[in-house]
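# Structural features, examined
Okay, here's what each chain looks like letter by letter:
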Amino acid sequence: KDRYHDMELQLRRIGIRLPNNRVVFFPAVRPDGAAGFSSIGARGCFLSHLGVLNDAAERGFKRILVCEDDLNFVRDFNHRIDRIFNTLAEVPWALFYGGYRTANIVDRSDSPGIVTVPPTQAIETAHFVAFQGASIVSASLYLRAMLDRAPGDPTGGPMHVDGAYTWFRKDNPEFETFIATPELGYQRSSRSDIYELDWYDKLPLISTIVRYCRMVKSRFE
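Residues numbered from 1 in each chain as written. Predicted model: local features only at pLDDT ≥ 70, side-chain atom pairs only at ≥ 80, totals over all residues. Heavy atoms only, no water.

### Brief notes about the overall build of the protein
Of the regular secondary structure elements, the protein holds 6 helices and 7 strands. In sequence order, the secondary structure elements of the protein are arranged as α-α-β-β-α-β-β-β-α-α-β-β-α. The 221 residues of the protein split such that 42% are buried. Accessible surface, the protein: about 12,600 Å² in total, of which carbon and sulfur atoms supply 56%. (Helix = DSSP H or I, 4+ residues; strand = E, 2+ residues; numbered from the N terminus. Buried < 20%, exposed > 50% of the residue type's maximum accessible area, 1.4 Å probe, protein only. Areas by Shrake-Rupley, 256 points an atom, 1.4 Å probe, with all protein chains shown as cover.)

### Quick word on the environment of N20
With respect to the helices, strands and loops of the structure, N20 is situated in the loop between α1 (2-13) and α2 (40-59). Of note is the side chain of N20, whose polar atom sits 2.8 Å from the backbone nitrogen of R22. (Polar contact = N/O pair within 3.5 Å; in protein donor to acceptor, adjacent residues only side chain to side chain.)

### Topic: the sheet that holds strand β1 (residues 63-67)
With respect to topology, 5 strands assemble into an open sheet ordered β1-β5-β3-β6-β4, the strand pairing being mixed. The open sheet terminates on both sides in strands that have one partner only, identified here as β1 and β4 (114-117). Recorded for the sheet is a direction-independent mean angle of 25 degrees between the axes of neighbouring strands. Judged from the 5 bridges that link them, β1 and strand β5 (residues 128-132) form a sheet pairing that is antiparallel. The residue of β5 that forms the bridge with R63 is Q132. Contacts from helix α4 (residues 135-147) reach β1, β3 (93-97) and β5 within the one sheet, and its direction differs from that of β5 by about 115 degrees. (Pairing = 2+ DSSP bridges. Axes fitted to C-alpha atoms, helices over the stretch in contact; angles between N-to-C directions. Contact = heavy atoms within 4.5 Å.)

### Some details on the pattern of salt bridges
As enumerated under the stated definition, the model contains 6 salt bridges in all. We note a salt bridge from R59 to D55, for which the minimum N-O separation is 3.1 Å. One end of the pair is R59 and the other is D55, both in helix α2 and 4 residues apart, which spans about a single turn. Residue R59 is classed as partly exposed on the basis of its relative accessible area of 49%. In this structure, R101 and E124 form a salt bridge, with 3.6 Å as the shortest nitrogen-oxygen distance. Of the two residues, R101 sits in the loop between β3 and β4 while E124 sits in the loop between β4 and β5, which places them 23 residues apart along the sequence. Residue classification places R101 among the partly exposed positions, given a relative accessible area of 49%. Here E124 falls in the partly exposed class, since its relative accessible area comes to 42%. (Salt bridge = Lys/Arg side-chain N within 4 Å of Asp/Glu carboxyl O.)

### As for α2
Look at α2: 28 Å from first C-alpha to last across 20 residues, which is about the 28 Å you get at 1.5 Å a residue. Directly after α2, the chain includes G60, whose backbone phi takes a positive value near 75 degrees. (Expected span 1.5 Å × (residues − 1).)

These figures come from the coordinates and say nothing about function on their own.
In structure tokens, the structure reads:
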């Protein structure tokens, strides 16, 4: 509920109010076991992304934006987004990252707001990623195939979903990837559902204080 509230606030900050027929909150998957993934949370995150892709494919959507529940939009989002939309309309993009971690990207102040990324270049995090056209169905099928393989399989087995998207891009170079530069959104500080918790997230009273501090920090970023 707290993350739903945070996302509702973030959407309101960029002018989107709920309910909205273009916004769908996907009920996150929490599996019983890791089943080859590094943690239950990693598997749940993977299955949640896969569920979104499957749903979009079944509905025949041509373009989707996937936002994880720890996404914060940058403060100048509304000032920059129209230019980025207009630029994307002129290029054959298949995947677009509004937030990411990757190396060797030059942030040029005179750029049109987007930069192409080679298919072999890894992109970490998947908190703000869009898919267009055939990449939606293709990514859905690719992730489903990973579930049937053993961990460490040379063709790609269970892994964190951002790694799965990197493998997908490498194996499907025809799907061009672009990123926003600088980022349009970033991951806010929050308790992890994927990695081992730090000690301050395990103690009842301390974890409540930490959660409040994170909330305050997020409001002023």
